[in-house]
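So you can see what is in the structure, the chains are spelled out below.
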Amino acid sequence: ERKAFCCLLPWSDQMQMDSLAFVDPHNHSLQAREKGPTDEAIRYFANKAKGGADAVICGSCDYAPEFYTLREQDPWWNQYNLHDKINLRYFVKQADAIHYYGARAGLSIHNQLYGWWKRADYDKGRTLYGPADTVTADGMVIHETPYEEMQRIYNGYCDCAENAMTCGYDFILLYGFTHGGLGCWLSKVVNTRTDEYGGPIENRARFIVGLLDAIRARVGSKIVIGFRMDGNGSDALPLEDMVAFATLIEGKIDFLNTHHRGLTPRQDPVEVLNNPLPETPSELAQALKANGYSKPLFVGNGLGTPADAEKFLEAGYADVIAYVRQGIADPDVWVKAREGREDEIVPCILCTNCHNDHFQNYYYSCSVNPVIGRENSMAGYIEPPKKKKKVAVIGGGPAGMEAALMGVRRGHDVWLYEKRDTLGGNIRFADVVPFKKPLKAFKDYLIDRVGKEGVKVLLNTEATPALLHAEHFDTVLAAVGARESVPDIPGMKEGLGRYVIPGSEAYDKADLVGQNVVIMGGGLSGCDEALYLAWKGKNVTLLSRNAKVAPKGYFQYRDPLLELCSQYGVTIHTAAPCVGVSEEGVTFLLEGQPTFAAADTVILAAGMQSKVEEAGAFRDCGFDFQAIGDCWKVGAGKNAIRTGYDAGVRL
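Remember, it's a predicted structure, so these values are computed and weren't measured experimentally.

What counts and how
Each chain carries its own residue numbering, running from 1 in the direction its sequence is written. With pLDDT at 70 or above as the cut-off, local features in this predicted model cover only qualifying residues; side-chain atom pairs require 80 or more to be listed or tallied, and sums for whole chains, interfaces and linings still use all residues. For the side-chain quantities, the full set of heavy atoms in the structure was used; hydrogens and water were omitted. Within this scheme a cavity is a closed region of a 1 Å grid, computed over the protein atoms alone, that accommodates a 1.4 Å probe without allowing it to escape, whereas a pocket is open but has protein on both sides within 12 Å along at least five of seven lines; lining residues each have an atom within 4 Å of a point. Grid points are joined across faces, edges and corners, and a volume is the space filled by probe spheres set on the points. Numbering of helices and strands runs from the N terminus; a helix is a DSSP stretch of H or I covering at least four residues, while a strand is a stretch of E covering at least two. In the scheme used here, Gly and all other residues not listed as nonpolar or charged are polar, with Ala, Val, Leu, Ile, Met, Phe, Trp, Tyr, Cys and Pro taken as nonpolar and Asp, Glu, Lys and Arg as charged. In what follows, salt bridge is the name for a side-chain nitrogen of Lys or Arg lying within 4 Å of a carboxyl oxygen of Asp or Glu. Note on terminology: a nonpolar core comprises buried Ala, Val, Leu, Ile, Met, Phe, Trp, Tyr and Cys residues joined through side-chain atoms within 4.5 Å. Each residue is assigned to one of three classes by its accessible area relative to the maximum for its type, calculated with a 1.4 Å probe on protein chains only: buried under 20%, partly exposed between the two thresholds, exposed over 50%. Here, residues are in contact when the closest pair of their heavy atoms is within 4.5 Å. The axes are straight lines fitted to the C-alpha atoms, using for helices just the contacting stretch, and the angles between their N-to-C directions are given from 0 to 180°. Each angle is binned into one of four classes, with values under 35 degrees roughly parallel, values over 145 roughly antiparallel, values of 65 to 115 roughly perpendicular, and all other values oblique. We call a crossing left-handed when the near helix sits turned anticlockwise from the far one by less than a right angle, and right-handed when that turn is clockwise. What makes two strands pair is DSSP finding at least two bridges between them. Stacked, tilted and edge-to-face are the three classes assigned to paired rings of Phe, Tyr and Trp, where Trp is represented by its six-membered ring and a pair needs centres within 6.5 Å; plane angles under 30 degrees give stacked, over 60 edge-to-face, the rest tilted.

1. Section: empty space enclosed by the protein
This model, assessed by the stated rule, comprises three cavities of 30 Å³ or more. Looking at the largest cavity, it is lined by 13 residues, and the ones nearest its centre are Arg-325, Cys-348, Cys-351, Cys-354 and Cys-366. Mapped onto the lining of the largest cavity, the elements with two or more residues apiece are helix H12 (325–329) and helix H14 (353–360). With three residues, the single largest contributor to the lining of the largest cavity is H12. Considered class by class, the residues forming the lining of the largest cavity number nine nonpolar, three polar and one charged.

In structure tokens form, the structure reads like this:
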């Protein structure tokens with residue numbers, strides 16, 4: 001039994017519960033510009049309660065009513081509007097859906113219009129307030145918050161808290177990170193006031209203490225109040241000040257939520273890109289525990305599997321471990337953990353696609369969970385199978401394995417053909433790249449489930465039309481993948497298999513790669529290959545014909561990846577199209593001038609082409625046929641899993 005403290009019970013001193021299932025706050029594009037929770041958002045959060053979470057925070061509301069007019073300027077701001085009472089019935093529906101599954105429902109109250117982070121394109125024309133007068137790096141003027149503005153802010157928070165209570169939510173969580181919003185009052189760097197709100201930590205905390213008092217005066221003990229703050233100290237807010245502040249508000253809140261925001265700077269890509277578990281999930285939580293802090297401590301931010309969380313609880317570093325991304329990858333993670341089905345938990349690969357889609361595509365999805373973002377619509381798409389089918393899946397990559405799993409789960413007889421001696425397809429490289437452990441864990445999960453759930457796997461077996469015709473399949477799903485695009489550059493085709501190696505083979509043939517390497521292609525895969533080879537001691541030059549390297553990469557992965565490439569000596573040239581390849585190296589244009597980079601080996605990472613003809617050869621090998629994965633459309637891992645899932649559930 002997992003024992004953890006949680007204050008999200010009916011108001012009492014009895015806080016013991018058998019659970020570590022808490023969903024940390026996060027927003028998503030399912031909300032779009034609707035002011036109240038949409039049906040999609042209601043189902044999304046309800047599924048977490050259905051999957052075993054005991055307490056679910058349903059995104060955020062902004063304290064300022066005017067935020068909801070200003071957000072029209074930006075398509076990805078999507079906070080709920082808890083001020084307009086015409087929307088409250090939708091909030092009631094959301095809380096009720098979570099309560100239906102026996103969980104507690106909460107809302108976080110945010111502060112996008114206040115604090116340190118300002119944007120010239122978004123905040124232009126407004127009077128901007130912060131703890132003290134300052135000018136941001138991009139020239140935005142921030143004014144010291146006067147007393148009357150403080151009271152207006154208090155009223156906005158109190159209105160949100162009262163409306164959340166009215167709608168049936170059990171708790172609220174106030175954001176207090178020092179990089180923006182309320183937490184900037186605590187910062188010695190930002191808060192330079194000289195009155196009673198500046199100076200020692202007791203004064204810097206005064207504004208927040210007053211806010212908590214105002215909220216409590218408005219709602220009394222009818223709703224639980226939590227406060228969220230950084231987990232680690234910084235120059236702006238040293239650990240001793242964090243402990244002092246947490247002690248000051250100890251009697252005014254019901255739980256404290258701390259967020260592990262990274263360790264000290266690290267140089268090893270194995271540590272940085274795998275987002276490893278820290279020895280302690282939060283410096284603040286550990287310090288407060290040592291001082292006998294009386295309120296439950298919730299700690300989150302990528303702290304691993306339920307087994308990892310259990311270790312932190314047993315060590316006494318936290319009372320509750322909170323999840324976001326793992327609960328996106330698998331909303332049933334909590335019930336699977338409780339029932340001892342850890343091997344069935346879909347691992348999060350830390351790709352940050354759940355963030356990236358939000359900003360780039362204005363939608364919400366997950367690379368390993370094809371249902372995320374379309375929970376409601378999938379219920380209408382999926383129909384019971386009409387008969388048991390005999391199904392052939394050609395290719396044991398992620399698309400093929402996902403399709404095979406969905407097929408056997410729907411009761412079909414599925415044969416999976418793989419010409420290699422192991423499954424994994426184009427993510428097999430994770431076995432040899434130490435900084436791809438989360439991806440390896442997902443690959444291993446798929447292979448494990450395929451083996452345990454009844455898929456008939458034929459390794460070292462290359463599917464041919466004749467072979468499939470002989471077996472009389474009802475349905476054939478082709479997941480034969482893609483090949484590198486070979487640009488029409490002098491010397492390129494002649495060099496393939498000699499001094500030019502396709503990127504998909506770079507990891508398998510790493511020992512054959514020479515000391516001086518040029519990588520043609522500046523996407524994420526090219527950058528990953530550049531870092532891997534530089535980490536192995538090679539001299540690497542990366543050439544991108546685009547003006548930006550890895551333009552589709554989300555900053556949480558892209559930025560540390562490029563920083564590590566720099567640390568390991570990778571030379572990167574942008575807007576540098578290649579014009580010639582030879583055994584001596586690569587000629588490319590730099591600011592329009594021919595430039596030469598010596599190379600023993602050239603890695604081709606300039607894009608992929610679907611194997612359309614190879615897939616089409618199997619079109620008449622069954623009554624039904626479907627191409628899936630990269631041979632249907634080249635894309636990221638999300639494309640492979642989603643097309644595989646869709647084809648499998650249509651069977």
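Continuing now.
2. Structural notes on the pattern of salt bridges
Per the stated rule, a full pass over the model turns up 34 salt bridges. Here Arg-428 ties to Asp-508 by a salt bridge, and the two come within 3.4 Å at their closest N and O atoms. One end of the pair, Arg-428, is in the loop between strand S15 (413–417) and helix H17 (437–452); the other, Asp-508, is in the loop between strand S19 (500–502) and strand S20 (516–520), with 80 residues separating them in the sequence. Sharing partners across several salt bridges, the network here consists of Asp-343, Arg-409, Asp-448, Arg-449, Lys-452 and Glu-453.

3. Re the nonpolar core
Among the nonpolar cores identified, the biggest contains 146 residues, and Leu-174, Ile-215, Phe-227 and Leu-256 are the most heavily contacted of them. Ranked by residues supplied to this core, first place goes to helix H5 (residues 147–166) with eight residues. If we skip the residues at most four places from it in the chain, Leu-174 touches Ile-109, Tyr-157, Leu-182, Leu-211, Leu-212, Ile-215, Gly-226, Phe-227 and Arg-228.

4. Looking at the packing of helix H16 (residues 398–409) against helix H23 (residues 637–650)
One can describe the packing of H16 onto H23 by two numbers: an axis separation of 7 Å at closest approach and a directional angle of 25 degrees. In terms of orientation, H16 lies roughly parallel with respect to H23. Handedness of the H16/H23 crossing: right-handed. Along its contact with H16, which presents Pro-398, Ala-399, Glu-402, Ala-403, Met-406 and Gly-407, the element H23 presents Ala-640, Ile-641, Gly-644, Tyr-645, Gly-648 and Val-649. Looking at the contact of H16 with H23 residue by residue, the class counts come to eight nonpolar, three polar and one charged.

5. A few points about the sheet that holds strand S23 (residues 578–582)
Across the sheet, which stays open at both edges, the three strands sit in the order S23-S24-S25 with antiparallel pairing between neighbours. Bordering the open sheet on either side are S23 and strand S25 (593–598), each of which pairs with just one other strand. Put simply, the sheet's adjacent strands are angled 20 degrees from each other on average, direction ignored. Taken together, the six bridges between strand S24 (residues 585–590) and S25 define a ladder with antiparallel strand orientation. Residue Leu-589 lies in a different strand from S25, and its bridge partner there is Pro-594.

6. Topic: the environment of Pro-146
On the secondary structure map, Pro-146 appears in the loop between strand S8 (141–144) and H5. The sequence separation of Pro-146 and Gly-130 amounts to 16 residues, and the corresponding C-alpha distance is 9.5 Å.

7. Here we look at the environment of Lys-493
In this fold, Lys-493 is placed in helix H19 (residues 492–495). Residue classification places Lys-493 among the exposed positions, given a relative accessible area of 58%. Taking C-alpha positions, Lys-493 is 9.3 Å from Val-581, a pair spaced 88 residues apart along the chain.

8. What about the sheet that holds strand S21 (residues 539–543)?
One open sheet accounts for five strands, arranged S19-S26-S20-S21-S22; its pairing is parallel. A strand with exactly one partner marks an edge of an open sheet, and here the two such strands are S19 and strand S22 (571–573). Strand-to-strand twist in this sheet, taken as the mean axis angle between neighbours without regard to direction, amounts to 20 degrees. As paired strands, S21 and S22 are joined by three bridges and run parallel to one another. Paired with Thr-541 across the two strands is Thr-571, which belongs to S22. Relative to S21, helix H20 (residues 524–535) is tilted by about 170 degrees, and along the sheet it contacts S20, S21 and strand S26 (601–604).

9. Points about the side chain of Asn-163
Position of Asn-163 relative to the elements: it lies in helix H5. Overall, the relative accessible area of 7% leaves Asn-163 in the buried class. Once you skip the residues sitting within four places of it in the chain, Asn-163 turns out to touch Leu-82, His-83, Lys-85 and Leu-88.

10. Here we look at the packing of aromatic side chains
In total, this model carries 23 aromatic pairs according to the counting rule given. Aromatic pair Tyr-147 and Tyr-197: ring centres 6.0 Å apart, planes at 45 degrees, arrangement tilted. With Tyr-147 in helix H5 and Tyr-197 in the loop between strand S9 (171–175) and helix H6 (201–204), this pair connects stretches of sequence that are 50 residues apart. The class for Tyr-197 is buried, based on a relative accessible area of 13%.

11. Section: the packing of helix H8 (residues 239–248) against helix H10 (residues 283–290)
Interhelical geometry of H8 versus H10 gives an angle of 60 degrees and a closest axis separation of 10 Å. Comparing the axis directions of H8 and H10 gives the class oblique. Between H8 and H10 lies a crossing whose hand is right-handed. Contact with H8, carried on its side by Leu-239, Met-242, Val-243 and Ala-246, involves Glu-283, Leu-284, Ala-287 and Leu-288 of H10 and no other residues of that element.

From the geometry alone we can't say anything about function, so treat these as descriptive.
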